[in-house]
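What the coordinates show
Below, each chain spelled out in residue letters.
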Amino acid sequence: MHEEMYSVGEVAERLGLHVRTVRGYIRTGRLRAVRIGKQYRIARADLDALTGRRLPAPAAGAGTVEVSSIVQIDGVDRAASDRLATLVLAAANTAGHPARPLRVQTVYDEERHRMKIVILGGAGATADLLHLVEAVLGAGNGLLTGEVEDA
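Throughout what follows, the structure given in this document is the object of discussion. (Residues numbered from 1 in each chain as written. Predicted model: local features only at pLDDT ≥ 70, side-chain atom pairs only at ≥ 80, totals over all residues. Heavy atoms only, no water.)

Overall, antiparallel pairing links the three strands, which are arranged S1-S3-S2 in an open sheet. The open sheet has two free edges, formed respectively by strand S1 (5–7) and strand S2 (34–36), since each of these has just one partner strand. Averaged over all adjacent pairs, the angle separating strand axes in this sheet is 40°, with direction ignored. In this structure, S2 lies alongside strand S3 (residues 39–43), joined through three bridges in antiparallel fashion. The partner of Ile 36 across the bridge, within S3, is Gln 39. Along the sheet face, helix H1 (residues 8–15) touches S1 and S3 and points at about 90° away from the line of S1. (Pairing = 2+ DSSP bridges. Helix = DSSP H or I, 4+ residues; strand = E, 2+ residues; numbered from the N terminus. Axes fitted to C-alpha atoms, helices over the stretch in contact; angles between N-to-C directions. Contact = heavy atoms within 4.5 Å.)

A word on a nonpolar patch on the surface. On the surface, Met 5, Val 34 and Ile 36 cluster together into a nonpolar patch covering about 260 Å² of accessible area. Position of Met 5 among the secondary structure elements: in strand S1. By relative accessible area, which is 38% here, Met 5 ends up partly exposed. (Patch = residues over 30% accessible without salt bridge, like charges linked within 9 Å, V, L, I, M, F, W, Y side chains within 5 Å. Areas by Shrake-Rupley, 256 points an atom, 1.4 Å probe, with all protein chains shown as cover. Salt bridge = Lys/Arg side-chain N within 4 Å of Asp/Glu carboxyl O. Buried < 20%, exposed > 50% of the residue type's maximum accessible area, 1.4 Å probe, protein only.)

Glancing now at unusual backbone geometry. Of note, His 113 is a non-glycine position whose phi angle comes to about 50°, a positive value. Along the chain, His 113 turns up in the loop between strand S5 (103–109) and strand S6 (114–122). Residue His 113 is classed as partly exposed on the basis of its relative accessible area of 40%.

Two elements in contact, H1 and helix H2 (residues 19–28), have axes whose closest approach is 8 Å; the angle formed by their N-to-C orientations is 110°. Considering their axes alone, H1 and H2 lie roughly perpendicular with respect to each other. Here the hand of the crossing between H1 and H2 comes out right-handed. Residue-level inspection shows Val 8, Gly 9, Val 11 and Ala 12 of H1 in contact with H2, the latter providing Val 19, Val 22, Arg 23 and Ile 26. (Parallel < 35°, antiparallel > 145°, perpendicular 65-115°, else oblique. Left-handed = near helix turned anticlockwise from the far one by under 90°.)

Turning our eyes to something else, we now look at the environment of Val 8. Residue placement: Val 8 occurs in helix H1. When the C-alpha atoms of Val 8 and Ile 42 are compared, they prove to be 7.3 Å apart, with 34 residues separating the residues in sequence. Val 8 has contacts with Val 19, Val 22, Arg 23, Ile 26, Tyr 40 and Ile 42, leaving out every residue within four places of it along the chain.

Axes are the key here: two packed helices are described by the angle between their axes and the distance separating the axes. For the pair helix H4 (residues 78–94) and helix H5 (residues 123–138), interaxial distance at closest approach is 10 Å and the crossing angle is 150°. Between H4 and H5, the angle is such that the two are roughly antiparallel. Of the two elements, H4 crosses H5, and the hand of that crossing is right-handed. Of H5, the residues touching H4 (which contributes Leu 84, Leu 87, Val 88, Ala 91 and Ala 92) are Leu 129, Leu 132, Val 133, Val 136 and Leu 137.

This part is about the sheet that holds S5. The strand order across the open sheet formed by three strands is S4-S6-S5, and the pairing between neighbours is antiparallel. At either end of the open sheet lies a strand with only one pairing partner, and these are strand S4 (66–74) and S5. Across the sheet, the axes of successive neighbouring strands diverge by a mean angle of 10°, strand direction being ignored. As paired strands, S5 and S6 are joined by seven bridges and run antiparallel to one another. Bridge pairing links Tyr 108 to Met 115 in S6. H4 rests against S4, S5 and S6 of the sheet, and its axis sits at about 180° to S5. Those strands touched by H5 are S4, S5 and S6, and its axis lies near 155° from that of S6.

Given below as structure tokens:
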């Protein structure tokens, strides 16, 4: 099976973008690419995924599961929210399958002292992240209050 491959320049031309922008997409993981020597090559399917074109339906038995979760945490101050957001985002960026990364957004409502964490991704990786949040919130270990003891 032969798959069309494009250079960074060809992708930039097709999308009307600067070559540096396409390289930035590759570096940040927004566009998948294969490095061959000193050049990148982008598969047609990866370009289609970036532009939002419909991909062919997966073969029978090869389906994927995606989960959407919203975690609401009441009674937290801004500093605790920032610490938890940093922890959750770091965990999301280092866990899961590289082809299907977790997407995480955190929001803090100053007026209500409420934080929301929105998680989109595979079921297993999402469950792992939710277990981490539960462990941090239920541990009474001071991570949210900033009272972490020295070991």
